[in-house]
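Summary of structural features
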Amino acid sequence: MKLAQMFGIGGGMGLRPALTVSMAIGLAVAIVAAAFGMAAYNEHLGQQERHRAAEVQLRILAGSMAAPLAFDDRSAAREYVGAQSSNPDVEAVAAYDMQGQLTASFARPGAPPPPARNTLGPPRLDGARLVLTSPVTEGETVLGSVYLRSVLESPSRRAMRYAGFALLIVMAALLVAVLGAAGAREGEANRKLQAEIREREKAEAALRQSQKMEAMGQLTGGVAHDFNNLLMVASSGIDLLDRTTDPARRERLRQGVRQAIDRGASLTQQLLAFSRRTPLKPEVVDIATRLAGMHALLDRSLREDVKVEINLPPDLWRIEVDASQLEVAVLNIAINARDAMPDGGTITIEARNEPSGRPDGAGDTIRLGIRDTGVGVAPEMLTRLFEPFFTTKAVGKGTGLGLSQVYGFARASGGEAGVDSKLGEGTTIWLRIPRSTKALASEPAAIAPRKAGPIGRYRILLVEDDDSVAQLVEEMLRELGYEVVRAGEALGALDVLRKDGAFDLVFSDMVMPGDIGGLDLARDISRLRPSLPVILTTGYSAAAAAATNEGRRVLIKPYRIEALATELDTALQRAS
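Residue positions are counted from 1 within each chain, in the order its sequence is given. With pLDDT at 70 or above as the cut-off, local features in this predicted model cover only qualifying residues; side-chain atom pairs require 80 or more to be listed or tallied, and sums for whole chains, interfaces and linings still use all residues. As a convention, hydrogens and water are excluded, and side-chain values are obtained from all of the structure's heavy atoms.

1. Brief notes about the packing of aromatic side chains
Only the six-membered ring of Trp is used, alongside the rings of Phe and Tyr, when aromatic pairs are assigned; centres must lie within 6.5 Å, and planes under 30 degrees apart are stacked while those over 60 apart are edge-to-face, with the rest tilted. Tallied over the full model, the rule gives three aromatic pairs. With centroids separated by 6.1 Å and ring planes inclined at 75°, the aromatic side chains of Phe 507 and Tyr 559 adopt a geometry described as edge-to-face. Placement of Phe 507 in strand E15 (residues 505-509) and of Tyr 559 in the loop between strand E17 (553-556) and helix H17 (561-575) is noted, with a sequence separation of 52 residues between them. The same class applies to Phe 507 and to Tyr 559, which are both buried. Secondary structure elements are taken from DSSP: a helix is a run of H or I of four residues or more, a strand is a run of E of two residues or more, and numbering for both begins at the N terminus. Exposure classes here rest on a 1.4 Å probe applied to the protein chains alone. A residue is buried below 20% of its type maximum, exposed above 50%, and partly exposed in between.

The structure is reproduced here in structure tokens:
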């Protein structure tokens, strides 16, 4: 149909109005209704977007305030709060400590200030303003809270949007463009802030690890000395075993060598656990047992003229903390105490229950104190001891991160840290940590080891690249009654399995030369022969963690023949 005919023009028909008045009115009403509907819908979407943007900004602010509130750094808190002024929609913002007291605030000129105390609750509308609150947490610990009041829409923006109803389509298109550009800017700003948050989290993780590594550096000398003593015991014991035929003396020498090996293995596991790179993992801790287990570690990190005494009551309450961070904190305090006693002295570790007096036990704490007999700290320096990078040591002797880690650990655990000192009399660093009424995690029951001896003609493929280790492991396996075939690396083991399928179990080292390690070998065997059990062994904690995360069985080096027998029995019984 031609355009003229559509409007009733031509063909001798004269002017025939195809569009009636009622239709025009209806169309106009429909256009106006559609325009109002689109405007209302766009207004609803705009409010939701501003709600989301304000909530994202609040979460970012809450995440950024964790460190300033944890370290009670009011200057940094004011900087983070003041940075929110760059967003013109933000009318007021504030940060509060865990007691609800105002720490830092910002309000635009003429706007009402934030409340003196923050009350947490869901988002609420106050006229044309949106009020948001959020707690500031570190793990499960609440460090404080933040408050943000944002203007949903200024009167000028509303007037601009409705002034153009005479040109509905043009103004609608303009509104979409403006909202799209604003959304893009907010999205880009959000992505940048998210990237900054990720970088900050990486920096905080690196800082925690550097604190551990600083403490590990302090351990190096003592550990080397201790390992040399253990090697001396083992070496001299073996030499003397070759020179004596007295059964009683040979048994004493054998026990001495065994004790030296066990002590070395225990020390290695302690150091690997201490230096592992893991996130904060609060758990219920028996502090008396944990500190008693650190006695040997402390002895090796201090000088011979420094004595460590641990005085803990038998009825000491439990606490819920990250056990690794607790050990780091105690070691950092002990190292500072050692450096404060250049002529030697005594470090006393003691703790006591401090009940709050409330019937429900809320507010009960444990006070852990570590006291030295050193030179003490000048009164004007006491308030700065917990500041990051502040140190009284000579250049190159310390980073100033040790006691800041202690303070951060105490605050993150819901407690507090402090110091008491007198010049010439010594210093006490103390921590107060809330009591936990939760039960200790139960340890899995150990499987009773089988005595060495024949158990049948099981065949085991041993994969080990070190000839000395392989020779001894082969002897242990044959002593336990197994047939053994050895492969020197992973590719060779796969060739053996393809040619000879009559194996009941594969026992493989994890760290081997070549492109395929023990864990890769276990994965290949699972695809090649899914029913064939594989036991991995290693002395490297990162490799063991990777295998354990996949559900693989791992035997940690060094191991005794009884542990080897138990592990093999368990794997073969489950496979049968």
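Now, onward.
2. A closer look at the packing of helix H14 (residues 490-499) against helix H15 (residues 518-528)
Here an angle of 0 to 180 degrees is reported between the N-to-C directions of two axes, which are lines fitted to C-alpha atoms, with helices fitted over the stretch in contact. One can describe the packing of H14 onto H15 by two numbers: an axis separation of 10 Å at closest approach and a directional angle of 15°. The angle between H14 and H15 falls in the class roughly parallel. Considering how the two elements wind past one another, H14 and H15 form a crossing that is right-handed. Residues Ala 490, Ala 493, Leu 494, Leu 497 and Arg 498 of H14 form the contact with H15, whose own contacting residues are Leu 521, Asp 524, Ile 525 and Leu 528. Residues are grouped as follows: Ala, Val, Leu, Ile, Met, Phe, Trp, Tyr, Cys and Pro are nonpolar; Asp, Glu, Lys and Arg are charged; all remaining types, including Gly, are polar. Among the residues making up the contact of H14 with H15, the classes are represented as seven nonpolar, no polar and two charged. Working rule for angles: under 35 degrees goes down as roughly parallel, over 145 as roughly antiparallel, 65 to 115 as roughly perpendicular, anything else as oblique. In this scheme the handedness of a crossing depends on how the near helix is turned from the far one: anticlockwise by less than a right angle means left-handed, clockwise means right-handed. Should any heavy atoms of two residues lie within 4.5 Å, those residues are considered in contact.

3. Here we look at the pattern of salt bridges
Counted as salt bridges are all cases of a side-chain nitrogen of Lys or Arg within 4 Å of a carboxyl oxygen of Asp or Glu. What the rule picks out here adds up to 26 salt bridges. The partner of Arg 74 in a salt bridge is Asp 72, with the nearest N and O atoms 4.0 Å apart. Connected via shared salt-bridge partners are Arg 352, Glu 354, Glu 416 and Arg 432.

4. Some points on the sheet that holds E15
Two strands are said to pair when DSSP picks up at least two bridges between them. Ordered by their spatial adjacency, five strands build an open sheet running E14-E13-E15-E16-E17, and the pairing between neighbours is parallel. Looking at the sheet topology across the chains shown, the edges are occupied by strand E14 (483-487) and E17. If you compare each strand with its neighbour and ignore which way they point, the axes differ by 25° on average. By the bridge criterion, four bridges tie strand E16 (residues 534-538) to E17 in an arrangement that is parallel. Considered in E17, the bridge of Thr 537 is made with Leu 555. Contacting strand E13 (459-463), E14 and E15, H14 runs over the sheet at an angle of about 155° to E13. Along the sheet, H17 makes contact with E13, E15, E16 and E17, crossing E17 at roughly 175°.

5. Focus on the nonpolar core
Counting 42 residues, the largest nonpolar core has Leu 326, Val 330, Ile 347, Ile 349, Leu 368 and Leu 431 as its most contacted members. Among the elements that take part in this core, helix H10 (residues 323-339) stands out by supplying nine residues, more than any other. Look past the residues within four positions of Ile 349 in its chain and what remains in contact with it is Leu 291, Leu 298, Val 308, Glu 309, Ile 310, Asn 311, Leu 312, Val 330, Leu 368, Gly 369 and Ile 370. As used in this record, nonpolar core signifies buried Ala, Val, Leu, Ile, Met, Phe, Trp, Tyr and Cys residues forming a set joined through side-chain atoms within 4.5 Å. With 23 residues, the next largest nonpolar core counts Ala 493, Leu 532, Val 534 and Ala 544 among its residues.

6. Here we look at the side chain of Thr 537
The residue Thr 537 is located in strand E16 in this model. Those residues within four positions of Thr 537 in sequence are excluded, and the remaining contacts are Phe 507, Ser 508, Asp 509, Met 510, Leu 555, Lys 557 and Tyr 559.

7. Considerations on the side chain of Ser 134
Residue position: Ser 134 is located in strand E4 (residues 129-138). Leaving out residues up to four positions away in the same chain, Ser 134 has contacts with Leu 58, Ala 62, Leu 120, Ser 145 and Val 146.

8. A look at the sheet that holds strand E2 (residues 102-107)
Spatially, E2-E1-E5-E4-E3 is the arrangement adopted by the five strands of the open sheet, whose pairing is antiparallel. Of all strands in the sheet, those bounded by a partner on one side alone are E2 and strand E3 (124-126). Pairwise comparison of adjacent strand axes, ignoring direction, gives a mean angle of 20° for this sheet. Its contacts with the sheet place helix H4 (residues 74-82) against strand E1 (90-97) and E2, and it is angled at close to 25° to E2.

9. Regarding helix H13 (residues 467-479)
Multiplying 1.5 Å by the helix residue count minus one yields the expected span of that helix. Over its 13 residues, H13 runs 18 Å from end to end, which matches the ideal 18 Å to within 8%, given 1.5 Å per residue. Every buried residue belonging to H13 is among Ala 470, Val 473, Glu 474, Met 476 and Leu 477, and all of these are buried. Angular distribution of buried residues about the axis of H13 spans 165°; they occupy a single face of the element. What points out from H13, more than 90 degrees from its buried face, is the exposed set Ser 468, Gln 471, Leu 472 and Glu 479. By construction, the arc corresponds to the directions joining the helix axis to the C-beta atoms.

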